[in-house]
Amino acid sequence: QVQLVESGGGLAQAGGSLRLSCVASGIVNSPNTMGWYRQAPGKQRELVATISSAGRANYADSAKGRFTISRDNAKNTVYLQMSSLKPEDTDVYYCKFELSANPWRTDYWGQGTQVTVSS
């Protein structure tokens, strides 16, 4: 079973930067996609960025040009470098793991890390 542990959240000023990390453990050495999603209270969880183990990355429009997703397959770790932060980036950020061969459509989620951006 896959477990995900996020770190790197915290408080930043508008225009500043944060770097989130997510380490996956368990049965993870197969083709997969990892990514970051965010969720505000009472709102639907939404995509920020994803990256496959082959290196294909996708970004939400709000993240393009400001955020960069990357991964280290040897360490089973995905990163989200966030720059030019805005107050509207304030949310709980969740790490996601999904096997490419996923007949049961099972997703794995971390517990989330809080990102707060002040003016």
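Residues numbered from 1 in each chain as written. Predicted model: local features only at pLDDT ≥ 70, side-chain atom pairs only at ≥ 80, totals over all residues. Heavy atoms only, no water.

## Re the state of the cysteines
Alright, step 1. Within the structure shown, the criterion is met by 1 disulfide.
Alright, step 2. A disulfide bridge connects Cys-22 with Cys-95, and the sulfur atoms are separated by 2.1 Å. Across the S-S bond linking Cys-22 and Cys-95, the dihedral sits near -85 degrees, which makes this disulfide left-handed. Here Cys-22 is found in strand S3 (residues 18–25), whereas its partner Cys-95 is found in strand S9 (residues 91–99), with 73 residues between them in sequence. Per residue, the accessibility class of Cys-22 equals that of Cys-95, and both read buried. (Disulfide = S-S within 2.5 Å. Helix = DSSP H or I, 4+ residues; strand = E, 2+ residues; numbered from the N terminus. Buried < 20%, exposed > 50% of the residue type's maximum accessible area, 1.4 Å probe, protein only.)

## Points about the environment of Thr-106
Alright, step 1. Topologically, Thr-106 is positioned in the loop between S9 and strand S10 (108–109).
Alright, step 2. Setting aside residues up to four positions removed in sequence, Thr-106 forms contacts with Phe-97 and Glu-98. (Contact = heavy atoms within 4.5 Å.)

## Quick look at the sheet that holds strand S7 (residues 67–72)
Alright, step 1. Spatial strand order, S1-S3-S8-S7: 4 strands in an open sheet with antiparallel pairing. Two strands lie at the open edges of the sheet, namely strand S1 (3–7) and S7, each paired on one side alone. Taking the axes of each pair of neighbouring strands and ignoring which way they run, one obtains an average angle of 15 degrees across the sheet. (Pairing = 2+ DSSP bridges. Axes fitted to C-alpha atoms, helices over the stretch in contact; angles between N-to-C directions.)

## Re the packing of aromatic side chains
Alright, step 1. As enumerated under the stated definition, the model contains 2 aromatic pairs in all.
Alright, step 2. One residue, Arg-45, lies across the ring of Trp-109, its end atom 4.5 Å from the ring centre. (Phe/Tyr/Trp six-rings, centres within 6.5 Å; stacked < 30°, edge-to-face > 60°. Lys NZ or Arg CZ within 6 Å of the ring centre and 35° of its normal.)

## Structural notes on the side chain of Asn-32
Alright, step 1. Position of Asn-32 relative to the elements: it lies in strand S4 (residues 32–39).
Alright, step 2. For Asn-32, the side chain forms a polar contact with the main-chain oxygen of Ser-30, separated by 2.6 Å.
Alright, step 3. Looking at Asn-32, its side chain comes within polar contact range of the side chain of Arg-71, at 2.9 Å.
Alright, step 4. Residues within four places of Asn-32 in sequence aside, it is in contact with Ile-51, Ser-52, Ser-53, Arg-71, Phe-97, Glu-98, Leu-99 and Ser-100. (Polar contact = N/O pair within 3.5 Å; in protein donor to acceptor, adjacent residues only side chain to side chain.)

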